[in-house]
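A structural walkthrough
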Amino acid sequence: MTDWNPRLGRRRFLGVIGGAAAATFVQPLDRWISPAQAQDATSMFPMSATLASRVLAEARARGAGFSEIFLETRVVTSMRLIDSAIESVSQGIYSGCGVRAVLGDRFGYAYADSFEEAPLLDAARSAAAIASSVSPAEGVRGFRLDHPVNVIRYLRPFDEVEADERATWLARADEAARIYDPAIRQVVVELNDEMLRSGVINSDGLWIEDRAPLLSLRVNVNAARDGRHSTGLERTSFRKGAEQMDEDAAGKTAREAARMAVVMLDAADPPSGEMPVVLGAGGGVLFHEAVGHGLEGDLVSRGVSFYSGKIGQRVGSSRVSIIDWGGMVDLRGSYNIDDEGTPPRQNILIEKGILRGFLTDRISAQNLDTIRTGNGRRQSYRFPPMVRMSNTYLYQGEDDVDGIIRETKNGLFARSLGGGEVDTTSGNFTFGVLEGYKIEDGKITTPVRGANLVGNGPEIMNRIDLVGPDLVFWNGTCGKGQWVPVTSGAPTLRISSMTVGGTE
């Protein structure tokens with residue numbers, strides 16, 4: 001069996017090679033796994049076994065085969081700095097429960113912004129009415145409070161951090177960007193952090209609770225010189241506590257944003273047409289959007305994915321192996337359990353170009369007659385779980401990174417990708433390039449602005465002919481009717497031919 005642990009590689013964001021950002025390492029998961037925490041008879045939530053049983057039974061009262069309660073308390077803080085001054089601060093505490101009743105591949109879902117009995121029973125009745133049959137439901141099994149194995153590690157939870165400390169992080173980012181170069185004109189720093197406590201109780205007898213922090217720091221820099229203007233963007237996000245800011249994470253993030261803005265001041269118009277494209281390490285967002293959604297089991301089971309019915313078939317070049325693994329230590333898309341209470345698995349979706357499997361939750365696993373992969377996720381207790389990616393990455397290869405450039409006579413080097421549009425049914429996409437360069441005679445030369453990558457995900461998978469060893473992760477937020485934090489990873493790679501939209 002192939003060892004699919006990522007080899008030691010830098011963990012950076014927005015797909016930049018080199019630069020001033022910190023180099024950290026992706027460690028094999030088993031380095032950090034410890035035995036499950038000792039059983040704790042006290043729940044984090046005001047929920048008794050008697051009330052849970054009553055709610056679950058009510059959700060099944062009209063014949064549903066399975067019922068579930070999702071409990072959540074989330075403390076969220078947001079701050080924004082512009083022109084060296086704090087512009088806004090907001091904090092909220094969100095808490096409540098969602099109740100789901102499942103009957104075959106149908107489900108009913110309702111939520112209550114409360115842990116009180118009356119609104120929870122009302123939610124259970126609403127869910128039951130949607131997923132109902134004429135058959136009586138079975139009873140609810142007994143519970144034992146459990147805790148997952150931890151891959152999310154933290155020392156200082158964000159709900160114990162004072163606003164003044166957060167303000168120093170923003171001020172540090174502002175200072176680091178401004179002193180980078182006299183061309184820097186404006187710095188915008190946005191900070192969002194949260195402390196999430198969640199639990200899943202279901203009619204199979206599962207009662208499991210978890211907690212996880214999340215921080216996102218975004219620095220946007222505007223630069224100007226001799227009538228030319230440019231921007232730079234860098235983001236940092238980990239599932240760690242406030243201790244991650246202790247080693248000047250804010251300054252490193254800001255300097256990288258400033259570097260990009262200054263470099264792009266000298267950017268020329270991009271080339272256009274069909275050409276080789278080298279994606280810098282970290283360009284995994286392209287595969288997340290153009291390929292990953294087609295590997296989600298709910299789309300596959302409905303027959304609206306390009307990959308439906310193709311298990312065991314070749315869907316990419318032999319250089320392509322794609323993995324989704326929600327149990328990677330500290331990454332933005334990681335979790336100890338998914339939002340159905342299932343531990344995340346290391347899911348090998350494509351192995352050396354051959355389609356091996358799909359991502360699933362409870363319902364899609366049933367529809368596809370396969371295992372649950374631990375990818376049932378939800379935006380909050382107000383939403384039902386659905387199949388979502390977590391940390392999805394293209395496995396690293398062995399081609400020399402400098403050699404990939406040398407072997408590309410003329411083309412485009414896309415060091416950092418921006419936003420784009422994707423048709424998840426066909427895989428057709430358009431992505432903007434935040435930071436790009438011409439490749440001329442096997443060398444990276446002039447920076448270019450305004451380039452777009454246009455193509456089809458399944459076709460591009462077959463045109464990947466060189467893959468480096470430098471796996472890098474990019475953090476983002478994925479929308480699919482709901483928003484969830486994700487991570488996408490890729491090493492430096494070459495696409496032998498694709499369409500570049502430019503102005504030349």
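Remember, predicted model here, so these are calculated numbers, not experimental data.

This part covers the nonpolar core. Grouped together as the largest cluster of nonpolar side chains are 41 residues, with contacts concentrated most on Leu279, Leu286, Phe287, Ile350, Leu453 and Leu493. Sorting the residues of this core by element identifies strand E8 (273-279), helix H5 (285-290), strand E10 (346-351), strand E15 (410-422), strand E16 (428-440), helix H9 (457-461), strand E19 (464-467) and strand E22 (493-501) as the ones contributing at least two each. In this structure Leu286 touches Leu279, Val291, Leu417, Phe429, Phe431 and Leu453, once residues within four positions along its chain are discounted.

Residues at a pLDDT of 70 or more form 90% of the protein chain, whose mean pLDDT is 90. Predicted confidence for residues 7-40 stays below pLDDT 50, and this span has 104 contacts to residues more than four positions away or in other chains.

Among the structural elements, Asp269 can be located in the loop between helix H4 (249-263) and E8. In sequence terms Asp269 and Thr487 are 218 residues apart; their C-alpha atoms lie 31 Å from each other.

Here we come to the sheet that holds strand E21 (residues 483-490). Spatially, the six strands line up as an open sheet ordered E11-E10-E9-E14-E21-E20, and their pairing is mixed. Of all the strands in the sheet, the pair left with one neighbour each is strand E11 (354-355) and strand E20 (472-479). Pairing between strand E14 (residues 391-394) and E21: three bridges, direction parallel. Across the sheet, the residue bridging to Asn391 is Thr487, located in E21.

As a further point, take the side chain of Arg166. Within the secondary structure, Arg166 is located in helix H3 (residues 163-178). Its relative accessible area of 2% is what places Arg166 among the buried residues.

Rules and cut-offs
- Residues numbered from 1 in each chain as written.
- Predicted model: local features only at pLDDT ≥ 70, side-chain atom pairs only at ≥ 80, totals over all residues.
- Heavy atoms only, no water.
- Core = buried A, V, L, I, M, F, W, Y, C linked by side-chain atoms within 4.5 Å.
- Buried < 20%, exposed > 50% of the residue type's maximum accessible area, 1.4 Å probe, protein only.
- Helix = DSSP H or I, 4+ residues; strand = E, 2+ residues; numbered from the N terminus.
- Contact = heavy atoms within 4.5 Å.
- pLDDT = per-residue confidence, 0-100.
- Pairing = 2+ DSSP bridges.

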